[in-house]
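These are the residues of each chain, in order.
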Amino acid sequence: MSSPLPAEPPETTPPTDRDGTGTSLPFDPETAAAVDRVRADVASLHGELVRYGLVVWTGGNVSGRVPGTDLFVIKPSGVSYDDLAPENMIVCTLDGEVVPGTPGSDRSPSSDTAAHAYVYRNMPDVGGVVHTHSTYAVAWAARAEEIPCVITQIADEFGGPIPVGPFAIIGDDSIGRGIVDTLTGHRSRAVLMQNHGPFTIGVNAADAVKAAVMCEDAARTVHIARQAGELVPIPQDKIDSLFNRYQNVYGQSSDDRR
Ligand SMILES: O=C(CO)[C@@H](O)[C@@H](O)COP(=O)(O)O
């Protein structure tokens with residue numbers, strides 16, 4: 001017969017400030033150091049959303065996978081970008097649960113945490129996810145219209161049209177499923193979730209931010225082009241060669257995407 005007494009609670013390692021920064025910690029030193037690097041990256045990359053005009057108020061979020069772990073880092077929900085700092089980023093498991101006892105864990109994580117977690121669980125090569133409400137990309141999403149590949153920039157960066165994902169309600173796996181279903185096997189690192197806005201993925205958080213910047217710029221340019229006349233498509237073989245060159249030759253061999 002089993003004992004009626006409740007089991008002893010498991011011993012937890014209290015957070016300690018091993019590195020003196022006041023960040024990370026019920027982790028082994030290597031994981032703690034990796035978490036701290038991603039905290040710093042994710043916090044500062046929100047400044048890029050502001051710099052490139054992709055967000056108003058708090059309407060966008062960046063997350064980054066902690067390499068070699070089943071963790072990712074995301075921002076707290078609804079907190080001013082001016083107040084974001086490494087120590088108030090939130091560490092989550094790939095199920096989207098906040099890791100208790102870690103700095104920042106006293107706040108609610110981004111309302112898109114479940115979507116980011118779903119992407120990390122189902123796209124193992126993805127190391128960063130970004131969501132914004134950038135104006136032109138949202139305007140295409142409001143029409144549920146893909147952005148056609150009519151400029152070399154789109155061919156380079158996205159390898160074809162930027163697709164539309166399904167309408168999905170925030171809060172559960174629906175948005176994540178829509179992102180994964182749309183982008184799996186697709187060259188594009190951006191999806192326009194219908195009536196909502198762009199979600200982008202990358203090899204790390206900075207790469208996903210770059211995709212968000214390029215997506216908005218492409219949305220704006222093609223929108224303006226269409227006001228003045230008919231759009232001219234790029235032949236598929238030219239799209240293929242532009243994409244191939246940009247992914248494999250452009251930039252430096254040390255770039256993260258290589
Ligand atoms: O789209 C929405 C809310 O509808 C969110 O992505 C956006 O407001 C940002 O929310 P968080 O501040 O990350 O919780």
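Residues numbered from 1 in each chain as written. Predicted model: local features only at pLDDT ≥ 70, side-chain atom pairs only at ≥ 80, totals over all residues. Heavy atoms only, no water.

Looking at an unreviewed UniProt entry, one finds the protein named L-ribulose-5-phosphate 4-epimerase and attributed to Labedella gwakjiensis. Turning to the protein, the UniProt record has this under Cofactor (unreviewed entry): "Zn(2+)". You can read under Catalytic activity (unreviewed entry) in the UniProt record for the protein the words "L-ribulose 5-phosphate = D-xylulose 5-phosphate". (UniProt positions renumbered as here; feature names shortened; annotations may be inferred.)

(A) How the structure looks around helix H6 (residues 205-228). Over its 24 residues, H6 runs 36 Å from end to end, which matches the ideal 34 Å to within 8%, given 1.5 Å per residue. Three or more residues of H6 are buried, namely Ala205, Asp207, Ala208, Val209, Ala211, Ala212, Val213, Cys215, Glu216, Ala218, Ala219 and Val222. (Helix = DSSP H or I, 4+ residues; strand = E, 2+ residues; numbered from the N terminus. Expected span 1.5 Å × (residues − 1). Buried < 20%, exposed > 50% of the residue type's maximum accessible area, 1.4 Å probe, protein only.)

(B) Spotlight on the site of the ligand. Around the ligand there are 14 residues in total, and Lys75, Ser77, Ser110, Ser111 and Asp112 lie nearest to it. The side chain of serine 111 places a nitrogen or oxygen atom 2.6 Å from an oxygen atom of the ligand. Within the side chain of histidine 196, an N or O atom sits 3.0 Å from an oxygen atom of the ligand. Coverage of the ligand by the protein amounts to 79% of the 380 Å² it exposes when considered alone. Of the residues that constitute the shell around the ligand, the class distribution is 1 nonpolar, 11 polar and 2 charged. (Near = heavy atom within 4 Å. Polar contact = N/O pair within 3.5 Å; in protein donor to acceptor, adjacent residues only side chain to side chain. Areas by Shrake-Rupley, 256 points an atom, 1.4 Å probe, with all protein chains shown as cover. Nonpolar A, V, L, I, M, F, W, Y, C, P; charged D, E, K, R; others polar.)

(C) Main features of the pattern of salt bridges. Summed over the entire model, instances satisfying the criterion amount to 10 salt bridges. Salt-bridge contacts for arginine 226 lead to glutamate 145; the nearest nitrogen and oxygen are separated by 2.6 Å. Here the residue arginine 226 occupies a position in helix H6, and glutamate 145 occupies one in the loop between helix H3 (135-142) and helix H4 (152-158), the gap between them amounting to 81 residues. When its relative accessible area of 24% is taken as the criterion, glutamate 145 is described as partly exposed. Residue arginine 257 pairs with aspartate 207 through a salt bridge whose shortest N-O separation is 2.6 Å. Taken together, the residues arginine 257 in the segment after helix H7 (236-248) and aspartate 207 in helix H6 connect sequence positions 50 residues apart. Residue class for arginine 257 comes out partly exposed when judged on its relative accessible area of 35%. (Salt bridge = Lys/Arg side-chain N within 4 Å of Asp/Glu carboxyl O.)

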